[in-house]
Amino acid sequence: MRLLERNNITIESEQEIPEKYREQVLQNITEELPEIGEERIVPGELGNSFDSRVELIDVFSDTENFYFCHGTTGNEEVIDSIMKIGLNVKNPSDISGYDSHLRGLTSTTKVYGEGNSELFLEQEEELNNWPHKEAKTIVIVSLPKKYCFSNGEVYFQHDNYEQFYVGSVHEGFYLRPEFIIGIYDASTHSFKPNRNFYKNLSVEDQAKLFAEIDERYIRAYAKNALVNPETKELPIDKSKRDILIVEWYKEQVKKLRENEFSQSEQLTEMFEENNQSSTPSLDIEWTDDWDDDWEDTSSTSNRK
């Protein structure tokens, strides 16, 4: 029997929690952060289209962001819905079984990577000849890198981009429309920008947006990150840093205790199995020819 792996636990013991946080972590270990309340999204609004290659190159050149593309054959009503409520990235829990293709942003978009001055030129051929259903309408997503998790930062089953979603497991999740930079038209080789893309919002609206992003980021980091948050620069507001650190240690302790309990149970089970299998049988056939080389075959045959 194989012992439970510690594949998403970073600390070795509770003594590793810094004294600054230890009491708060251990005293509040069973307390959860309050549920996220109603989130205010800013619906997208498409502006005037342009087909200038210089401007198209500029759209994809933000080195602070990662780019993703989603091709759709939908009509204007579908595009209006995407711009209004966001891009559907996860189905509700009651229909999100194994056969569901909506498992997060990467299940419905193609990742183009970090923005740069060559990105549009490198991907232009594909944008104009979208491989899936020959879609002519391409939704362009652009996310701030500092809020994205890398594959080595979280355990492999985690969705690296859930902090950018709105919704719930019961209702399904949508990528917020504030992170749709615009729509590319493969037929006319033109682009319609989203006037309400997050970088176009007022300072006040950006602050409100990222206050909500922070709340989801804290929860996602605490539950899934493998990197101690004290060792890295966090994108969230500095006033929330200690909250994230405490929540991360709480999750680590929960996982550590669960792991130790599971290992203890498994070791007990292994010990009991070994004892049962190694108990010699009392049903031995004795002979008059006593010999130092005789072998208790019934005992050895039961031994694992």
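Above: the structure in question.
Parameters and conventions
- All residue numbers here refer to positions counted from 1 along the written sequence of the relevant chain.
- Residue-level local features of this predicted model are given only where pLDDT is at least 70; pairs of side-chain atoms are given and counted only at 80 or more, and the full residue set underlies all totals for whole chains, interfaces and linings.
- Remark: hydrogens and water are excluded; side-chain values derive from all non-hydrogen atoms of the structure.
- Here a strand is any run of E in DSSP of at least two residues, a helix any run of H or I of at least four, and the numbering for each starts at the N terminus.
- We get accessible surface area from the Shrake-Rupley algorithm with a probe of 1.4 Å; when it comes to residues, only the shown protein chains can shield them.
- It only takes one pair of heavy atoms within 4.5 Å for two residues to be counted as in contact.
- Paired strands, as defined in this entry, are two strands with at least two bridges between them according to DSSP.
- Think of each axis as a best-fit line through the C-alpha atoms, taken over the contacting stretch in the case of a helix, with angles from 0 to 180 degrees between the N-to-C directions.
- Three labels apply to residues, based on accessible area from a 1.4 Å probe with only protein chains included: buried if under 20% of the type maximum, exposed if over 50%, partly exposed otherwise in between.
- Residues enter a nonpolar core if they are buried and are Ala, Val, Leu, Ile, Met, Phe, Trp, Tyr or Cys, with the set joined through side-chain atoms within 4.5 Å.

Chemist: I tried to follow the overall build of the protein on my own but got confused; where do I start?
Modeler: A tally of regular secondary structure across the protein gives eight helices and eight strands. Accessible area of the protein: about 17900 Å², with a carbon and sulfur share of 47%.

Chemist: Explanation requested: the side chain of Arg176 in the structure shown.
Modeler: Note on placement: Arg176 falls in the loop between strand S6 (172–175) and strand S7 (180–185). The contacts of Arg176, once residues within four sequence positions are left out, are Glu39, Arg40, Ile41, Phe164, Tyr165, Val166, Leu209, Glu212 and Ile213.

Chemist: Explanation requested: the sheet that holds strand S4 (residues 137–144) in the structure shown.
Modeler: Sheet strands pair by backbone hydrogen bonding; their relative direction is either parallel or antiparallel. Read from one edge to the other, the open sheet built from five strands follows the order S3-S1-S4-S7-S8, with strand pairing classed as antiparallel. Strands with a single pairing partner mark the edges of an open sheet, and in this sheet they are strand S3 (110–114) and strand S8 (190–193). Averaged over all pairs of adjacent strands, the angle between strand axes in this sheet comes to 25 degrees, irrespective of strand direction. Both strand S1 (residues 65–72) and S4 contribute to a ladder of eight bridges, which runs antiparallel. Paired with Asn65 across the bridge in S4 is Pro144. On top of the sheet, helix H3 (residues 76–85) reaches S1, S4 and S7; it is set at about 165 degrees to S7, its chief contact. In the packing of helix H5 (residues 119–128) onto the sheet, contacts are made with S1, S3, S4 and S7, and the angle to S3 comes to roughly 170 degrees.

Chemist: When you look at the environment of Glu122 in this model, what are you seeing that I'm missing?
Modeler: Note that Glu122 resides in helix H5. On the basis of relative accessible area, Glu122 is assigned to the exposed category, the value being 53%. Separated by 10 residues in sequence, Glu122 and Tyr112 place their C-alpha atoms 9.7 Å apart.

Chemist: It is not clear to me how the nonpolar core should be interpreted in this structure. Could you clarify?
Modeler: Looking at soluble globular proteins, one finds that nonpolar side chains tend to be buried together. Judged by nonpolar contacts, the single largest core of 67 residues is most densely connected at Leu127, Ile140, Leu143, Phe164, Leu175 and Tyr184. When sequence neighbours within four positions are dropped, the list of residues in contact with Leu175 reads Ile85, Gly86, Leu87, Val89, Leu105, Val141, Leu143, Phe164 and Tyr165.

Chemist: Could you clarify how one ought to interpret the environment of Leu201 in this entry?
Modeler: Within the secondary structure, Leu201 is located in the loop between S8 and helix H6 (203–224). Taking the C-alpha atoms as reference points, Leu201 and Val42, 159 residues apart in sequence, are found 9.1 Å from one another. Setting aside residues up to four positions removed in sequence, Leu201 forms contacts with Val42, Glu178, Asn196, Gln206 and Leu209.

Chemist: What exactly am I supposed to notice about unusual backbone geometry here?
Modeler: Excluding glycine, most residues fall at negative phi; most peptide bonds, likewise, are trans. Although it is not a glycine, Lys133 adopts a positive phi angle of roughly 55 degrees. With respect to the helices and strands, the residue Lys133 is situated in the loop between H5 and S4. Of note, the phi angle at Glu134 is positive, near 50 degrees, even though the residue is not glycine. The exposed category is assigned to Glu134, whose relative accessible area is 64%.

Chemist: Even after reading the chapter, I still don't get H5, so can you show me in this structure?
Modeler: Note that an α-helix has 3.6 residues per turn; residues three or four places apart therefore point the same way. With seven of its 10 residues buried, H5 lies for the most part within the structure. Turning to H5, its buried residues are Leu119, Phe120, Gln123, Glu124, Glu126, Leu127 and Asn128. Residues of H5 that are buried make contact with helix H2 (53–59), S1, S3, S4 and S7.

Chemist: In this structure, what is going on with the sheet that holds S6? I would like to understand it.
Modeler: Reading across from one edge, S2-S6-S5 is the order of the three strands in this open sheet, with antiparallel pairing throughout. The sheet terminates laterally at strand S2 (87–90) and strand S5 (165–168), the two strands that pair on one side only. Taking the axes of each pair of neighbouring strands and ignoring which way they run, one obtains an average angle of 30 degrees across the sheet. Bridge count between S5 and S6: four bridges; the pairing is antiparallel. Considered in S6, the bridge of Tyr165 is made with Leu175.

Chemist: Is there a simple way to explain the pairing of S4 in this structure?
Modeler: The two faces of the sheet receive side chains in turn, since in a regular strand these alternate between them. In terms of burial, S4 is a largely internal element, eight of the eight residues being buried. Here S4 shows two buried faces, one formed by Thr137, Val139, Val141 and Leu143 and the other by Ile138, Ile140, Ser142 and Pro144. Relative to S7, S4 runs antiparallel, the two sharing five bridges. Looking at the pairing, Val139 lines up with Ile183 of S7.

These values are about where atoms sit, not about what they do.
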